[in-house]
Amino acid sequence: MSSIGIGQSPKRKEDLRFLTGKGTYVSDIKLPNMAAAVFVRSPHAHAKILSIDSSAAMAAPGMVAVYTGEEMEAAGVNGLPVGWGITGSDGEPMKEPPHPPLAVRKVRHVGDPVAIVIAETLEEARNASELVEVEYEMLEPVVSMIGALKPGAPLVHDDVPNNLCCDWSMGDAAAVDKARAEAAHIARIELVNNRLIGNPMESRAAIAEYEPSRDKYTLYTTSQFPHVVRFLMGGLVLGIPQQKLRVVAPDVGGGFGVKQFHYNEEAVVTWAAGRLARPVKWVSERSEGFVSDRQGRDHVTEAELALDENGKFLGLWVKTLANMGGYLSTFGPNIPTNLYAPLLSGVYTMPAIFCQVQVMFTNTVPVDAYRGAGRPEATFVLERLVDVAAIEMGIDKVEIRKRNMIPKEAYPYQTPVVVEYDSGDPMGCLEKAIGLADIANFEARRKEAAQRGKYRGLGLSTYVEACGLAPSRLAGQMGARGGLYESATVRVHPTGQVTILIGTHNHGQGHETTYAQIISEQLGVPFEDIDVVFGDTDRVQFGMGTYGSRSLVVGGAALSKAGDKVIMKGKKIAAHLLEAGEHDIVFEEGSFKVAGTDRAKSFSEIAGAAYVPHNYPLEVLEPGLEEQAYYDPINFTYPGGSHFCEVEIDPDTGIVELVAYTAVDDVGTIINPMIVEGQLHGGIVQGIGQALYEHGIYDEESGQLLSGSFMDYAMPRADHLPNLVISPHVTPCAHTPMGVKGCGECGTIGSPAAVINAVVDALKPLGITHVDMPASPARIWNIVKNARAATPVAAE
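Read on for an overview of the structure. What you see is a predicted model; the values in this text were computed from it and never measured. (Residues numbered from 1 in each chain as written. Predicted model: local features only at pLDDT ≥ 70, side-chain atom pairs only at ≥ 80, totals over all residues. Heavy atoms only, no water.)

## Some points on the overall build of the protein
Just so we agree on the cut-off: Each helix is a run of H or I in the DSSP string that is no shorter than four residues. Each strand is a run of E no shorter than two, and both are numbered from the N terminus. For a compact globule the rule gives 2.2 Å times the number of residues to the power 0.38, and the radius of gyration it is set against comes from C-alpha atoms. Categorising residues by exposure relies on relative accessible area from a 1.4 Å probe, with only protein chains included: less than 20% of the type maximum marks a residue as buried, more than 50% marks it as exposed, and the intermediate range marks it as partly exposed. Only heavy atoms enter the contact rule, under which two residues are in contact if any of them lie within 4.5 Å. Here the Shrake-Rupley method, with its probe set to 1.4 Å, supplies the accessible areas, and only the displayed protein chains count as covering residues. A residue counts as positive if it is Lys or Arg and as negative if it is Asp or Glu; His and the chain ends are not included. To locate a charge, take NZ of a lysine, CZ of an arginine, CG of an aspartate or CD of a glutamate.
Helix and strand counts for the protein come out as 21 helices and 28 strands. Compactness check: the protein gives a C-alpha radius of gyration of 28 Å against a globular reference of 28 Å for 796 residues, within 12% of the reference. Projected onto the principal axes, the alpha-carbon positions of the protein cover approximately 90 × 75 × 50 Å. Taking all 796 residues of the protein together, the buried fraction comes to 63%. Look at the contacts in the protein between residues 6 or more apart in sequence, and 80% of them connect residues 24 or more apart. Put simply, the protein shows about 28900 Å² of open surface, and 52% of that area lies on carbon and sulfur atoms. Here the protein contributes 67 positive and 96 negative side-chain charges, whose respective centroids are spaced 2 Å apart.

Here it is, written out as structure tokens:
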């Protein structure tokens, strides 16, 4: 056994149970006397609820109960809260209509839950749910964002005029207008950032139980932030005192933002379990998830980039319509505003930026954070616009980026939209990626592909993103209704082993391994002697959970601080045992030593002495060796990088084949190279999925989701991908304890623009200047057909 520290790649601690099928997921949990629940959901996008008749359902075999929104409302249950508010350009707060856990009087999207049916078995609950008779009065739905703002459009919420939640802006409009007036060239683009439907391996699930003898509730849920669910649901929705509510998120099979929010079902099953005084279990079916899980992206954008005669950027103007769906989700309003506009500067010395975002309601599933959350959208706008400018001005796409890139020596760099980048080297990332992608020989590869009848294209995307979602003070000024700190406890046992209790959550990222590496290096404790506990509000101190690539950035920093406290106390104990001054004690290689001597005590000896304090002054030192720390960062962290993508397009089928992909990313200090590479692989593939395959589509007349299954919603597969070339380029963060920046979302941010830029470059001979995502075979085939018909000579 040995310590395994920062920079090494041990096998993941958690993989033993996952690879042998021994993980514990919510759907695995079985409680005595547990009933099964099924939700009755609206088949309509927009309708009044005239009546709900559950009498036939209640007469069915095995029935326990049926509850509706009116019953929950009569019992004093509140609507789901919004965790982040925004304020419009006029100084008015956003419109925040109520979001009842079960729809009351009106449904606002297909899948809106109207009742919960509870029976002895799942089959009986399913059968009875089909007998619940809901009488609706159909209303005209509004699906299109542009249509939602038109005068006379149907109103999703009667008290929200024009369906406009908020008209928000950031930046200096006057400075951008001046830049556009003085520009030698203005590049323009209109684009769509397509709606995505998250599909983690494990579907959402919730089990709630109520123990009358203890007056205590327990909720088991597939959540990325159990403590926040406890606060939002217990404190704000159901009125359960915090000490009377335990929330447990055991193993979670993928999150990607989909499991970040407080959902209807969690509140409904908990309330129902209290009414029945017996456990109630609900597990989402995959088709149910398509119409109930929060969805992502869904922007329509116009943008203009002003440049001087040499291709230097002068100013950026952006106007975006952002879809919130039928209700505001937990963090929904924050994603297309505060997590979008501040990243529009990218890695460039952009003198002026102005961004207007109209946040609106439509009769679709609510939209919230999805891996990257606002930053992929910003990068896509900027990097597509830079390519347009390069083409129109006849400047090489690499050269125009180099002319505008922030030099390494300019850091820390203040952007014109709030954020200040503390460290970075975008030119270093770009130069390394150019070499790895063999750009010098690309034109030869393009010619060879043309001889085979294929269009070959090269796409580039440079990016920066904001991780850590902090500090709390700044977040509060931006509308956050809670802190964004993190917590950790290091519990040293009498025999020297360690248990880490961490406020973040692990849903596939390998946190049990990386956290153990941090403490193994810091305390010199064998890697095998460290366990990590998370996801249980009764065992772990309050924590804010995992999202926004914050786990190592914020949670790891809290853990490092707690480890420092353990060492400080250990020095006090060692000083007494070694009869030395505390200032003479040094901690090196897992031992407390008297500097300049051979006198020392091992870490395990100090741990034992802490719990058997026969020989140190209790009036000075308390027994035990356990320390807790909270960490609230002073700034976001800013990972970045450069991605190159090569594609080949078959004009006869419209199929886009990825033939090469190169990514150079600066994620700061790397704790575990294997895990970082895996995170980058996953993120890149999700971005490729958006660029080429995935699209949540609603019928504009009925509001029905047309891509409601894997038959209609395409996902990337392993055989769609080349071997990805991934390489780090490290500049440590200047303000986090270990220099980490975060890596979980980087791939998702850099890849969509790289792929679409490659597709457009491939179609350059046809005069194509833009392709919206996803670049599906049908879309590309039609583009090629129409272009060839319009310009047959160019097509040859």
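Additional details are given in the paragraphs that follow.
## A few points about the pairing of strand S19 (residues 486-492)
The cut-off we apply is this: A pair of strands is treated as paired once DSSP finds two or more bridges between them.
With respect to burial, S19 is a largely interior element, six of its seven residues being buried. With six bridges joining them, S19 and strand S25 (residues 626-631) adopt antiparallel strand pairing. Bridge pairing links Ala-488 to Ala-629 in S25. In this sheet, strand S20 (residues 498-502) lies alongside S19 in antiparallel orientation, the contact comprising five bridges. Considered in S20, the bridge of Thr-489 is made with Leu-501.

## Focus on the packing of helix H15 (residues 511-523) against helix H16 (residues 551-577)
Put simply, the rule is: For every element, the axis is a line fit to its C-alpha atoms; helices are fit only across the contacting stretch, and the angle between N-to-C directions ranges from 0 to 180 degrees. Orientation categories follow fixed angle ranges, with anything under 35 degrees roughly parallel, anything over 145 roughly antiparallel, 65 to 115 roughly perpendicular, and all other angles oblique. Working rule for handedness: look at the near helix, and if it is turned counterclockwise from the far one by less than a right angle, call the crossing left-handed; if clockwise, right-handed. Note that Gly is not counted as nonpolar here; it falls among the polar residues with everything else outside the nonpolar set of Ala, Val, Leu, Ile, Met, Phe, Trp, Tyr, Cys and Pro and the charged set of Asp, Glu, Lys and Arg.
It is the contact of H15 with H16, at a shortest axis distance of 10 Å, that shows an interaxial angle of 30°. The angle between H15 and H16 falls in the class roughly parallel. For the element pair H15 and H16, the recorded crossing hand is right-handed. Where H15 approaches H16, its residues His-511, Thr-514, Tyr-515, Ile-518, Ile-519, Gln-522 and Leu-523 are matched on the opposing element by Ser-551, Leu-552, Gly-555, Gly-556, Leu-559, Ser-560, Gly-563, Asp-564, Val-566 and Ile-567. Class assignment of the residues belonging to the contact of H15 with H16 gives a composition of eight nonpolar, eight polar and one charged.

## Quick look at the side chain of Asn-194
So the rule is basically this: For the purposes of these results, a polar contact is taken to be a pair of N or O atoms within 3.5 Å, where, inside protein, one atom must be able to donate a hydrogen and its partner to accept one; residues adjacent in sequence count only when each atom of the pair is a side-chain atom.
Mapped onto the elements of the fold, Asn-194 is located in strand S8 (residues 185-197). Polar side-chain contacts of Asn-194 include one of 3.1 Å to the side chain of Gln-690. Separated by 2.7 Å, the side chain of Asn-194 and the backbone oxygen of Glu-694 make a polar contact. Excluding residues that lie within four positions of it along the chain, Asn-194 makes contacts with Gly-296, Arg-297, Asp-298, Gln-690, Glu-694, His-695, Met-773 and Pro-774.

## Here's the deal with the sheet that holds S19
Strand order in the open sheet formed by four strands is S21-S20-S19-S25, with mixed pairing between adjacent strands. The outermost strands of the open sheet, each flanked by one partner alone, are strand S21 (530-533) and S25. In this sheet, adjacent strand axes meet at a mean angle of 15° when their direction is disregarded. Each of S19, S20 and S21 is contacted by H15, which is oriented at about 130° to S20, the strand it contacts most.

## Some details on the environment of Arg-445
In this structure, Arg-445 sits in helix H13 (residues 442-451). Each C-alpha atom, one on Arg-445 and one on Ser-144, is 42 Å from the other, the two residues being 301 residues apart in sequence. A polar contact is formed between the side chain of Arg-445 and the side chain of Glu-646, at a distance of 2.5 Å.

## Here's the deal with the layout of surface pockets
Heads up, the condition is: In this analysis a 1.4 Å probe is tested at points of a 1 Å grid over the protein atoms alone, and where it fits but cannot get out there is a cavity; an open set with protein on both sides within 12 Å along at least five of seven lines is a pocket; lining residues have an atom within 4 Å of a point. Grid points are joined across faces, edges and corners, and a volume is the space filled by probe spheres set on the points.
By volume, the second largest pocket is sized at about 470 Å³. Along the walls of the second largest pocket sit 18 residues, with Ala-37, Val-38, Leu-122, Arg-126 and Glu-285 positioned nearest its centre. Among the elements that line the lining of the second largest pocket, the one with the most residues is strand S1 (residues 35-41), at seven residues.

By themselves, these figures tell us nothing about what the structure is for.
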